[in-house]
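Letter by letter, the chains look like this.
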Amino acid sequence: MTEVEVAEITAMGMKSIGAALAVGLTGIASGIGEMSIGAAAVGAVAEKKDMFGLALIFTVLPETIVIFGLVVALLILFS
Amino acid sequence: MVQSSSSPGSYIYTSTRLRVRKSKLLTPAEYHRMLNMGLSEITRFIGETEYQKEVEELGTSFSGVDLIELALSWNLAKEYQRVIDMAPGTLKQFTKTYLERWDIYNVLTILRGKIQGLSEGKIKEVLIPAGSLNKMVLDRLLAEESCERVIDGLKNWHLEPVLQSHAAAAISSGSFSQMENDLYKKFYADLLKVEEQGVTGADQFIKFVKLEIDTLNTKTIFRMQADAVSKASRDLFIPGASFTLDELEQISGLSDQVEIIDALSARIRNEPLLIALEELREKKTTLNEINIKLTKAHLEQMERLSRIHPFSIHSVLVYLEKKKYEVANLRALARGKESQLPGDVIEQYLVI
């Protein structure tokens, strides 16, 4: 295997690690965010059933962080 | 004191639930509507709110003001138990400790009822089994024939030594006021000891206890001034908060209301209470108005604390306190209507 080939494989590996970190870390971050919002949302819905829709929207708001992570990962992999 | 750990999620869950429950309490507009209603309309109105289950359960056996009284007491006790069940970790322990005040209320109610020869059923109507002495213990105490036997039946209660020390004098004189003072003093002294145990969140609980002690002492000072109690009695005050007993004795010795307000304002850092004191300086008010104003300031400060520390014991305590005053308001409304008092007179006794 030539030095160029080794460098290409290493670059690909680094890209993959970067993409994995982007998705993984944003996943953890949104999990942390959703923990508090989810607990509050379940508490509110337990007392007022009609708050379900609103509570659900608030709970999934941190999911946007993962979407950003996914976009970044795709850009890393396919750019 | 039990130290248990719970996830942050369960604190957030409980605090939010109680916040929502607090928002369901009766609004000033609803109180104003009730002020224009008759007793039966009030019963029907209450029966459509959070008290529905109790009103329906008791509706077949009771009517009128007795039905309202009992439904309110049952609902309050049930609500307190539900909050204890719901609270996680240290919040549960603090809530239980806070609710132990109802033990004092229940024991004194039984003793006072017994000495006045009231029937078991009549005493039971006003008991709130929310503290460490549950329904079974209270029923056993109610079945006792005399005050001495009631006190003997409380051997395992942690405040029993205070009861025993005042028992003979209180029963012979028929007045339990000194016993009551000392029970509450011991109760608050025990609450303040929570700080020494190093439990997580104890600092917030202590903030509440000190706030309550300050409010109670302030009320006592104004009551002494209104009743023109000449001898400054330090026995009436609870130590441990913003003022020492010497300072409280000194302030209570002042005869002019403005001087009292100056002395209190110089040390109190709680803004709603300061505002209330300033308002009292500006116009002459009755003792009842002062009491209501101070209670409102107390609740306002609790509300502020619960906003500053949203997932602490404050959100539990502010709900429990507001619920207590809602029940007291409804009771005052029902009793006032039964006595055919005009709406504006009843309104003066409501904390809204």
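A. Broad picture of the overall build of chain B. Along its length, chain B carries 19 helices and 0 strands. Radius of gyration (C-alpha) of chain B: 21 Å, near the 20 Å computed for a compact globule of 352 residues. Principal-axis analysis of the C-alpha atoms places the extent of chain B at approximately 55 × 50 × 45 Å. The proportion of buried residues among the 352 residues of chain B is 37%. Long-range pairs, those at least 24 residues apart, make up 63% of the contacts in chain B with a sequence separation of at least 6.

B. Region of interest: the environment of Leu248(B). Residues and elements named next belong to chain B. Along the polypeptide, leucine 248 turns up in helix 14 (residues 245-252). Under the C-beta neighbour-count criterion, leucine 248 is labelled buried, with 25 such atoms within 10 Å. Along the chain, leucine 248 and isoleucine 221 lie 27 residues apart, while their C-alpha atoms are 7.9 Å from each other.

C. Spotlight on the packing of helix 3 (residues 39-47) of chain B against helix 18 (residues 313-338) of chain B. All names here are of chain B. It is the contact of helix 3 with helix 18, at a shortest axis distance of 9 Å, that shows an interaxial angle of 155°. Overall, the two elements helix 3 and helix 18 adopt an arrangement that is roughly antiparallel. Along the contact surface, helix 3 presents Leu39, Ile42 and Ile46, while helix 18 presents Leu330, Leu333, Ala334, Lys337 and Glu338. When its residues are assigned to classes, the contact of helix 3 with helix 18 shows 6 nonpolar, no polar and 2 charged.

D. Expanded view of the packing of helix 3 of chain B against helix 5 (residues 64-86) of chain B. Residues and elements named next belong to chain B. The geometry of helix 3 relative to helix 5 is characterised by a closest axis approach of 9 Å and an angle of 30° between their N-to-C directions. Classified by the interaxial angle, the pair formed by helix 3 and helix 5 is roughly parallel. For the pair helix 3 and helix 5, the crossing hand works out as left-handed. Between helix 3 and helix 5, the contacting residues are Leu39, Thr43 and Ile46 on the first element and Gly64, Val65, Leu67, Ile68 and Ala71 on the second. Along the lines of polarity and charge, the residues of the contact of helix 3 with helix 5 split into 6 nonpolar, 2 polar and no charged.

Basis of the calculations
Residues numbered from 1 in each chain as written. Chains lettered and ligands numbered in written order. Predicted model: local features only at pLDDT ≥ 70, side-chain atom pairs only at ≥ 80, totals over all residues. Helix = DSSP H or I, 4+ residues; strand = E, 2+ residues; numbered from the N terminus. Rg over C-alpha atoms; globule rule 2.2 N^0.38 Å. Buried ≥ 20, exposed ≤ 12 C-beta atoms within 10 Å, placed from the backbone. Contact = placed C-beta atoms within 7 Å. Axes fitted to C-alpha atoms, helices over the stretch in contact; angles between N-to-C directions. Parallel < 35°, antiparallel > 145°, perpendicular 65-115°, else oblique. Nonpolar A, V, L, I, M, F, W, Y, C, P; charged D, E, K, R; others polar. Left-handed = near helix turned anticlockwise from the far one by under 90°.

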